[in-house]
Amino acid sequence: MLSRTADNLFWLARYVERAECLARILEVTQRVTTLPLAYVGATNEWESAIETAGCAAAFASNYPEANEETVIDFLCFSAANPSSIRSCFEIARTNARAVRTALTVEMWDAINGTWLELKRFGNGPTSREEFMRFLRWVQESSLRFDGSAYRTMLRNDAYWFSRLGVYIERADNTARILDVKYHLLLPANERVGGPLDYFQWAAILRSVSALTAYHWVYRESVKPWLIADLLILKDEMPRSLASCYSALVQNLDNIARAYGRQGAAQRKARAIRARLENSRMEEIFKEGLHEFIDGFINDNNELGTVVSEQYLM
Amino acid sequence: MYGQRVPHDIYVHVGGIDIIRVDAESFYVLEDNARTPSGVSYMLENREIMLRLFPELFARHRVAPVENYPDELLATLKSVAPSTANSDPTVVLLTPGVYNSAYYEHSFLADKLGVELVEGRDLFVKDELVFMRTTQGPKRVDVIYRRIDDDFLDPLTFRPDSALGVPGLMSSYHAGHVTLANAVGTGIADDKAVYSYMPKIVKFYLGQEPILKNVPTWCCREADHLAYVLDHLEELVVKEVHGSGGYGMMIGPKSDKATIAAFRAKLKAGPKNFIAQPTLALSTCPTCVEEGVAPRHVDLRPFVLTGRDRIRIVPGGLTRVALQKGSLVVNSSQGGGTKDTWVLDT
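Enquirer: I'd like a rundown of the overall build of chain B, residues and numbers included.
Expert: Scanning chain B from N- to C-terminus turns up 9 helices and 20 strands. Taking 20 Å as the expected radius of gyration for a compact globule of 346 residues, we find that chain B reaches 22 Å, a close match to that expectation. The C-alpha extent of chain B, read off along each of the three principal axes, is 60 × 55 × 45 Å. Sequence separation of 24 or more characterises 62% of the internal contacts of chain B that already satisfy a separation of 6 or more.

Next comes the structure, spelled out in structure tokens:
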């Protein structure tokens, strides 16, 4: 297939996934900021949201301070932010249109319908209720697109490239949530901060839709080191780094088999997966959770670059 | 292109001939479109919609199908691959991109043909061969069904500011390693001044009278024609020779004095830019409009495919309809519509 087509499919999937991640982060931020201060401490959650979205510098040059109004505007509706939810859907739709023939009718309807409906929300919500509805709608739009792709696409290179986009973006998102909140996640032998931190930990789990999953996997109350374990090493947790890399290796292998050739992208993905498979939480904590996550974010970005050089240019 | 041979000596692989009917027996060729005629997707989609909405009509009348057009087009394009191509030549459709008004048609056709829909940046030229960038590395391209105008094809040869084209494409074309459909320069054949000589050209090269008549045309570059045209402006249609899309024309009986005066001045200033034709009574077709069903003027554009092996034409075409009451301008850019066209099998 054309490199440009593959590139468009890859980014189309990435942008839809990014919009969904942003919506989930904002939903959790909104929730935490409504708790009484005694329960979560005097942190600026809106600032964390901006950091998690990875656009602190761009935000700072547009707004004097991070509060509910400015952060929602920047992350959801701003045309100046190329990664705002609006921009994500607009770019996704432009990419979809450019590769219209590589999409199924269901996928096109999903993304085009989302783009058309986006106008309904204008330049921002008029109330918190409406904002919540907006965030639900963003997540449902992403689910609909993802489900359409899963159910209707031929299992060929077009499908695999779009899956690569989903998983690289998802891994990046989970890693960023961990990166911003790493100071809350402490190893088992350290003194736990008391009830104050529970709501922060629960927020981390909620932002990857894993609060219920946590209880099913560990069957105990929320412990920070187990949250780290769930989000980094647990293969059965669909947004964990390990799970994303199982999927990336698998999709890259499918491409390599179809094309009859392995390359740098396959090697890179396998190396990252091996590191995740061979790690244990105690070691990660010992060597520094922050350093580990930073290293992962860099590796994940590099995989994106290598995939691009090998197939998309 | 002077002195340049094109693969298999075929220039117009896809021709769109605009035909009008003025009475029960008389059909005229109104215009030849020899560059990149568009609208065939409407022919195909109109039929699909009619089949869905009026299955009963199709059961009662034996309507010849048009759905094999993409198949015929692909066969035509493959047949004209350059001699250096391998036995299963690679065909692509070259589009200016999503911002082009005909992009829908481009993607629709590429989909039906099963060929890659490429933009200029997907192609590159190396050692006078054309390649496309694929996820499996460069792949040679043999036939380009291009839907970009000549001027934008190759910034090294034509407009240097063209971002839509492929640098070096013309060098490959000159070397005979790629077929462009249609060939470069075919605009000369659908120029409205050349049109006026078409009956003579047919007679000279084929030794026979054309089967379809031309609309009588005054070529304003000739002094006696110009004099006649200036005397009868109120009853004639005046067209710019390079105009298309219904722009740059004046319909005498429907124009006010000021417009006619303006065209009179233009004609005197640059007569060779204009031709004139009698205002013909285009046939009408019952059409659904707001007030109900009413007659509206139509013309017909069949698509003629010319390959190395033979000429192909599907029994149908694009019927364009002027939706404004009394209007003779059927161009979609001027608010015209389209209709499904039936050829009945008897």
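So that's the structure; there's more coming.
Enquirer: Residue-level account of the overall build of chain A, with values.
Expert: Broken down by element type, chain A carries 16 helices and 0 strands. The C-alpha atoms of chain A give 19 Å as radius of gyration, which agrees with the globular expectation for 313 residues (20 Å, within 12%). Projected onto the principal axes, the alpha-carbon positions of chain A cover approximately 55 × 50 × 35 Å. Looking at chain A as a whole, 45% of its 313 residues qualify as buried. Considering only residue pairs separated by 6 or more positions, chain A has 70% of its internal contacts joining residues 24 or more positions apart.

Enquirer: Report on the interface of chain B and chain A, specifying residues and quantitative values.
Expert: In this assembly, 13 residues from chain B lie in contact with 12 residues from chain A. Elements represented by at least two residues in the side of chain B that touches chain A include exactly helix H4 (103-113), strand S4 (116-118) and strand S6 (129-134) of chain B. Among the residues forming the side of chain B that touches chain A, the class breakdown is 5 nonpolar, 4 polar and 4 charged.

Enquirer: Lay out the sheet that holds strand S11 (residues 218-219) of chain B with the relevant residues and their values.
Expert: Residue and element names in this part refer to chain B. If you walk across this open sheet you meet the 4 strands as S11-S14-S12-S13, and the pairing is antiparallel. The sheet is open, and its two borders are formed by S11 and strand S13 (249-251), each paired with just one other strand. Where strand S12 (residues 236-240) and strand S14 (residues 274-278) come together, 5 bridges link them in antiparallel fashion. Paired with Leu 236 across the strands is Pro 278, a residue of S14.

Enquirer: Tell me about unusual backbone geometry, residues and numbers included.
Expert: Residue and element names in this part refer to chain B. The step from Ala 181 to Asn 182 runs through a cis peptide bond, and the omega angle for that step is -5°. Examined against the element boundaries, Asn 182 turns out to sit in the loop between strand S9 (179-181) and helix H6 (192-195). Positive phi, normally seen in glycine, also occurs at Glu 128, with a value near 65°. The topology assignment puts Glu 128 in the loop between strand S5 (123-126) and S6. Glu 128 sits in the partly exposed class, given 15 other C-beta atoms within 10 Å.

Enquirer: Quick rundown of the sheet that holds S6 of chain B? Include the residues and the values.
Expert: Residues and elements named next belong to chain B. Strand order across the open sheet formed by 3 strands is S5-S6-S7, with antiparallel pairing between neighbours. Looking at strand neighbours, the two that pair on one side only are S5 and strand S7 (137-140), the edges of this open sheet. Averaged over all adjacent pairs, the angle separating strand axes in this sheet is 40°, with direction ignored. Where S5 lies against S6, 4 bridges are found, and the strand directions are antiparallel. Following the sheet pairing, Phe 124 is matched in S6 by Phe 131.

Enquirer: Which residues make up the pairing of strand S17 (residues 303-306) of chain B, and what values go with them?
Expert: Residues and elements named next belong to chain B. Residues Phe 303 and Leu 305 line one face of S17 and the alternating positions Val 304 and Thr 306 line the opposite face, and both faces are buried. In terms of strand pairing, strand S1 (residues 14-21) meets S17 through 3 bridges, oriented antiparallel. Residue Val 14 lies in a different strand from S17, and its bridge partner there is Leu 305. The pairing of S17 with strand S18 (residues 311-313) spans 3 bridges and is antiparallel. Among the inter-strand pairings, Val 304 is bridged to a residue of S18, identified as Ile 313. As consecutive antiparallel partners, S17 and S18 are separated by 4 residues.

Enquirer: Got a sec to walk through the packing of helix H9 (residues 157-181) of chain A against helix H16 (residues 289-312) of chain A? Specific residues and values, please.
Expert: All names here are of chain A. H16 packs onto H9 with a crossing angle of 160° between their chain directions and a minimal axis gap of 9 Å. Between H9 and H16, the angle falls in the class roughly antiparallel. The chirality of how H9 crosses H16 is left-handed. Along its contact with H9, which presents Leu 164, Ile 168, Ala 171, Asp 172, Ala 175, Leu 178 and Asp 179, the element H16 presents Ile 293, Asp 294, Phe 296, Ile 297, Asn 300, Leu 303, Gly 304 and Val 307.

Enquirer: Quick rundown of the pairing of S7 of chain B? Include the residues and the values.
Expert: Residues and elements named next belong to chain B. Pairing between S6 and S7: 4 bridges, direction antiparallel. Bridging from a neighbouring strand, Arg 133 pairs with Pro 138 of S7. Turn length for the S6-S7 hairpin, with the two strands adjacent in sequence and antiparallel, is 2 residues.

Enquirer: Tell me about the environment of Thr 52 of chain A, residues and numbers included.
Expert: Residues and elements named next belong to chain A. Counting through the fold element by element, Thr 52 comes out in helix H3 (residues 45-52). Each C-alpha atom, one on Thr 52 and one on Val 166, is 18 Å from the other, the two residues being 114 residues apart in sequence. When neighbours within four sequence positions are excluded, Thr 52 is seen to be in contact with Ile 25, Arg 176, Ile 177 and Val 180.

The rules we used
- Residues numbered from 1 in each chain as written.
- Chains lettered and ligands numbered in written order.
- Predicted model: local features only at pLDDT ≥ 70, side-chain atom pairs only at ≥ 80, totals over all residues.
- Helix = DSSP H or I, 4+ residues; strand = E, 2+ residues; numbered from the N terminus.
- Rg over C-alpha atoms; globule rule 2.2 N^0.38 Å.
- Contact = placed C-beta atoms within 7 Å.
- Buried ≥ 20, exposed ≤ 12 C-beta atoms within 10 Å, placed from the backbone.
- Nonpolar A, V, L, I, M, F, W, Y, C, P; charged D, E, K, R; others polar.
- Pairing = 2+ DSSP bridges.
- Axes fitted to C-alpha atoms, helices over the stretch in contact; angles between N-to-C directions.
- Parallel < 35°, antiparallel > 145°, perpendicular 65-115°, else oblique.
- Left-handed = near helix turned anticlockwise from the far one by under 90°.

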